[in-house]
2 protein chains.
Amino acid sequence: MRKNDVYYFDRPPHVLSWSSCVGKKEGEGPLGGCFDVVASDDRFGQETWEQAERAMVETSLNSALQKARMSAGEAGCVLGGDLLNQCVSTSYAVRQLGSRFFGLYGACSTMAESLILGSCLISGGMEDTALCTASSHFCSAERQYRYPLEYGGQRAPTAQWTATASGTVLLTSGKGCGIAVTRAMAGRIYDPGVTDAANMGAAMAQAAYETLNGYFSATDEDPASYDLIVTGDLASIGRGIVLELAKDDGFDLGPNYTDCGIMLYDADRQDVHAGGSGCGCSAAVLCGHILPEMSRGALKRVLFCGTGALLSPLTTSQGESIPGICHLVCLEAER
Amino acid sequence: MRKNDVYYFDRPPHVLSWSSCVGKKEGEGPLGGCFDVVASDDRFGQETWEQAERAMVETSLNSALQKARMSAGEAGCVLGGDLLNQCVSTSYAVRQLGSRFFGLYGACSTMAESLILGSCLISGGMEDTALCTASSHFCSAERQYRYPLEYGGQRAPTAQWTATASGTVLLTSGKGCGIAVTRAMAGRIYDPGVTDAANMGAAMAQAAYETLNGYFSATDEDPASYDLIVTGDLASIGRGIVLELAKDDGFDLGPNYTDCGIMLYDADRQDVHAGGSGCGCSAAVLCGHILPEMSRGALKRVLFCGTGALLSPLTTSQGESIPGICHLVCLEAER
């Protein structure tokens, strides 16, 4: 049921397994030891960057299934997407599975969007299991959105680094591993008028704040009720704007608020400027760090807030501003 | 609940209103008199083709709301997408509404995908109303997928014509206009190995047949139980392959099977080669022709089967084959 904009799952879907697969640079970051698969080479044994991204998605889908001791055909449905035009990394990766498939496009909010819709399908009795997945690859994204790597383009100080990463969560209507999706809040689009595609954190920050503020108003809870509130991916500039917007409203997000784009890299050492981004960033931080921490009891209640910048290179070149969206998922560990 | 791959809506969502907005050529086709808005000029008063597509989507969203006497803010959520990179026609059009938004990418199957997920959200009690929408524009699609119009490229005889069209269905948990979404079947990906992007009907035909065959097996019904079985958009070549696949299995789809890509244009007179395509084609045929025919009692039970080719120009240039998907929605008129 929905109450005040928040979806409540009366029969909460449970997390059955998860998996993350990342590139070399992500493996060298602060969370490097957490991921299921770290590539020694961002080509993942393939000939093109696009095939590499597809292989990475296949790895994370198959690994989540293996952990649940399920074969490819046993997954009820897959919900997911990526950043490549026509979401081809995901659809080609899903081709080998034979599952029902819902293609999504939510930019960097895709992981949260897939968790919301997957949870609705399970909670509503339509699916017993759902694979929720999202990915991005630095090299395929740079070529598509900016310049081929060989060009050696300069990056702006406000720019974020598209993560080479994929994350998959397998949801079930049955008994999982003690983590449930209990609530969610689907995002609305906000556009603060930012036109600089090298500053997407600023473009998405208002959407993130509006979703968080709306959620706390709707639930009568406050940030202290959560062990972790994490946006993904605003990186340092966007996170700073969220904190300013909150301060202007006399609202304290507290010490447990951070961002997946900040967590994935050591910004100074790894030269990622504002921080990480890309659908795969929040997906991999969720599956590599947050869910394992919840599973071992270190985190009990988590708000996972996927943020997406709904632009294209064409809209930017036509002078359009960048609309943002933020989808929120409430995860709770049962012990 | 789901039984044998088919979603059954115990609390079926009802259609509250619908709207279609199309371009000049579509207005000159066999269904020209059916659409709510026919543009006199495919620019829809805008400066670029992309802005034109966005204006067309805004028109169809707003018109569906107006018919239901609802204001912009009153729609619970929007689910939809289009063919442009990063689905920008839909997200920019939704920006003005202020509704919760789920961005989808299902290529030409998007209208059916949005109806399935919107029905699940309503049936599961998460939303009271959902706007399901899909669009495409010939000129923005040609530039993105093939050549700018000014180039005057030759089209292959097997090619389909991307419709300049948008359709929106407003679903409700309450009393609608006597048409309900009673069942649905989400598609799986099938790839028969077609590599010719100018023959997408052939690439999608297997997915369409597998979904239809699976649906009739799962429900123990036969095609004669339906007044209309419509795929969208296989056009003449894809529809022919579906009929051959059915014949090979000794399965007769009967006289009520046709395709939105065949219905939208007069192929000979309008020089569209195999027929129409694009997310907007099946969306506009649904909203301009099928739902009005159901409403006036001329059609009672309809299977609306959205078919999508999950390729990108890049995958084609890298030699990849074209995977297809087909999502099925069962619509029933109550009188």
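All residue numbers refer to positions counted from 1 along the written sequence of the respective chain. Key to labels: chains lettered from A, ligands numbered from 1, both in the order written. Local features in a predicted model are, by the rule used here, given only for residues with pLDDT of at least 70; side-chain atom pairs are given and counted only at 80 or more, and totals for whole chains, interfaces and linings are based on all residues. Think of the side-chain values as coming from all heavy atoms in the structure, minus any hydrogens and water.

A. Local environment of the environment of S312(B). The helix and strand labels rest on DSSP assignments: H or I over at least four residues marks a helix, E over at least two residues marks a strand, and numbering proceeds from the N terminus. Within the fold, S312(B) resides in the loop between strand 15 (301–309) and helix 11 (313–317). Judged by its relative accessible area of 3%, S312(B) falls in the buried class. Residues S312(B) and R296(B), 16 residues apart in the sequence, show an inter-C-alpha distance of 40 Å. When residues no more than four places from it in sequence are discounted, the contact partners of S312(B) are N85(A), Q86(A) and V88(A). The buried label goes to any residue with under 20% of its type's maximum accessible area, the exposed label to any with over 50%, and the partly exposed label to all in between, with areas taken from a 1.4 Å probe on protein chains only. Contacts are assigned to residue pairs that have any heavy atoms within 4.5 Å of one another.

B. Structural detail: the packing of aromatic side chains. Residues and elements named next belong to chain B. When the centres of two rings from Phe, Tyr and Trp lie within 6.5 Å, Trp using its six-membered ring, the rings pair. Their planes under 30 degrees apart give stacked, over 60 give edge-to-face, and anything left gives tilted. A full pass over the atoms with the stated rule returns 14 aromatic pairs over all chains. Taking 3.9 Å as the distance between ring centres and 0° as the angle between the ring planes, the aromatic pair formed by F138 and W161 counts as stacked. Remark: W161 occurs in strand 8 (residues 160–162) and F138 occurs in helix 5 (residues 138–145); sequence separation between them is 23 residues. Given the relative accessible area of 14%, W161 is considered buried. Geometrically, the ring pair formed by F216 and F251 is edge-to-face, given 5.8 Å between the ring centres and 65° between the ring planes. Note that F216 is positioned in helix 6 (residues 200–219) and F251 in the loop between helix 7 (235–248) and strand 13 (257–259), a separation of 35 residues in sequence. Residues F216 and F251 agree in their burial class; the two are buried. Placement of a charge over a ring requires the Lys NZ or Arg CZ to be within 6 Å of the ring centre, with the centre-to-atom vector within 35 degrees of the ring normal. Sitting over the face of the ring of W161, K25 holds its NZ or CZ atom 4.0 Å from the ring centroid.

C. Geometry of the interface of chain A and chain B. Taken together, the 59 residues of chain A in the interface contact 59 residues of chain B. Interface area for chain A against chain B, summed over the two sides, is near 4900 Å², with a carbon-plus-sulfur share of 54%. What gets called buried area is simply the loss in accessible area from a 1.4 Å probe that two parts show on being joined, summed for both. Among the residues chain A hides against chain B, the three largest losses belong to Q86(A), R100(A) and M126(A). Together they make up 17% of the total. Salt bridge, as used here, is a side-chain nitrogen of Lys or Arg placed within 4 Å of a carboxyl oxygen of Asp or Glu. For E320(A), the salt bridge is made with R54(B), and the minimal N-O distance between the two is 2.6 Å. Any pair of N or O atoms that falls within 3.5 Å is considered a polar contact. Within protein, one atom must be able to donate a hydrogen and the other to accept it, and sequence-neighbouring residues count only if both atoms are side-chain atoms. Taken together, the connections running from chain A to chain B amount to 42 residue pairs in polar contact (both at pLDDT 80 or more). Contributing elements (two or more residues each) for the side of chain A that touches chain B: strand 2 (6–8), helix 2 (49–67), helix 3 (88–95), strand 6 (100–103), helix 4 (110–123), helix 5 (138–145), helix 11 (313–317) and strand 16 (324–333) of chain A. Ranked by the residues each element gives to the side of chain A that touches chain B, the list is headed by helix 4 of chain A, at six residues. Across the side of chain A that touches chain B, the residue classes break down as 29 nonpolar, 17 polar and 13 charged. For this classification, Asp, Glu, Lys and Arg are treated as charged, while Ala, Val, Leu, Ile, Met, Phe, Trp, Tyr, Cys and Pro are nonpolar and the rest, including Gly, are polar.

D. Examining the pattern of salt bridges more closely. Applying the stated criterion across every chain yields a total of 34 salt bridges over all chains. As a salt-bridge pair, R100(A) and E127(A) come within 2.8 Å of each other at their nearest N and O atoms. In this pair, R100(A) sits in strand 6 while E127(A) sits in the loop between helix 4 and strand 7 (129–136), placing the two residues 27 residues apart along the sequence. Like E127(A), R100(A) is buried. Ionic pairing is found between R296(B) and E293(B), a salt bridge with its closest N-O pair at 2.8 Å. A residue is classified by how much of its surface remains accessible, and R296(B), at 57% relative accessible area, is exposed. Overlapping salt bridges, with partners in common, bring together R2(A), D5(A), R188(A), R100(B), E127(B) and D128(B) in one network.

E. Structural view of the layout of surface pockets. All names here are of chain B. Of the grid points, spaced at 1 Å and generated over the protein atoms alone, those admitting a 1.4 Å probe that cannot get out make up cavities, while open sets with protein on both sides within 12 Å along at least five of seven lines make up pockets; any residue with an atom within 4 Å of a point is treated as lining. Grid points are joined across faces, edges and corners, and a volume is the space filled by probe spheres set on the points. Computed from the structure, the largest pocket encloses a volume of approximately 500 Å³. E142, R146, Y147, Q154 and R155 are the residues nearest the centre of the largest pocket, which is lined by 22 residues in total. Considered class by class, the residues forming the lining of the largest pocket number twelve nonpolar, seven polar and three charged.

F. Expanded view of the pairing of strand 15 (residues 301–309) of chain A. Residue and element names in this part refer to chain A. Counting buried positions along strand 15 yields nine of nine residues, so the element is predominantly enclosed. Judged by which residues are buried, strand 15 turns out to be covered on both faces: R301, L303, C305, T307 and A309 on one side and V302, F304, G306 and G308 on the other are all buried. A pair of strands counts as paired when DSSP detects no fewer than two bridges linking them. Bridging between strand 12 (residues 228–232) and strand 15 involves five bridges; their strand directions are parallel. Paired with V230 across the strands is F304, a residue of strand 15. Here strand 15 runs beside strand 16; their pairing, made up of nine bridges, is antiparallel.

G. Summary view of the packing of helix 2 (residues 49–67) of chain B against helix 3 (residues 88–95) of chain B. Residue and element names in this part refer to chain B. Where helix 2 meets helix 3, the closest approach of the two axes is 8 Å, and the angle between their N-to-C directions is 55°. Relative to helix 3, the element helix 2 lies oblique. Here helix 2 and helix 3 pass one another in a crossing that is right-handed. For the pair formed by helix 2 and helix 3, the contact residues are E53, R54, V57, E58 and L61 on the first element and S89, Y92, A93, V94 and R95 on the second. Looking at the contact of helix 2 with helix 3 residue by residue, the classes come out as five nonpolar, one polar and four charged. In this description, a line fitted to the C-alpha atoms serves as the axis of each element, helices being fitted only across the stretch in contact, and the angle between N-to-C directions of two axes falls anywhere from 0 to 180 degrees. The labels follow the angle: roughly parallel below 35 degrees, roughly antiparallel above 145, roughly perpendicular from 65 to 115, and oblique for the rest. Crossings are assigned a handedness: left-handed for a near helix turned anticlockwise from the far helix by less than a right angle, right-handed for a clockwise turn.

By themselves, these are just geometric observations and shouldn't be taken as functional.
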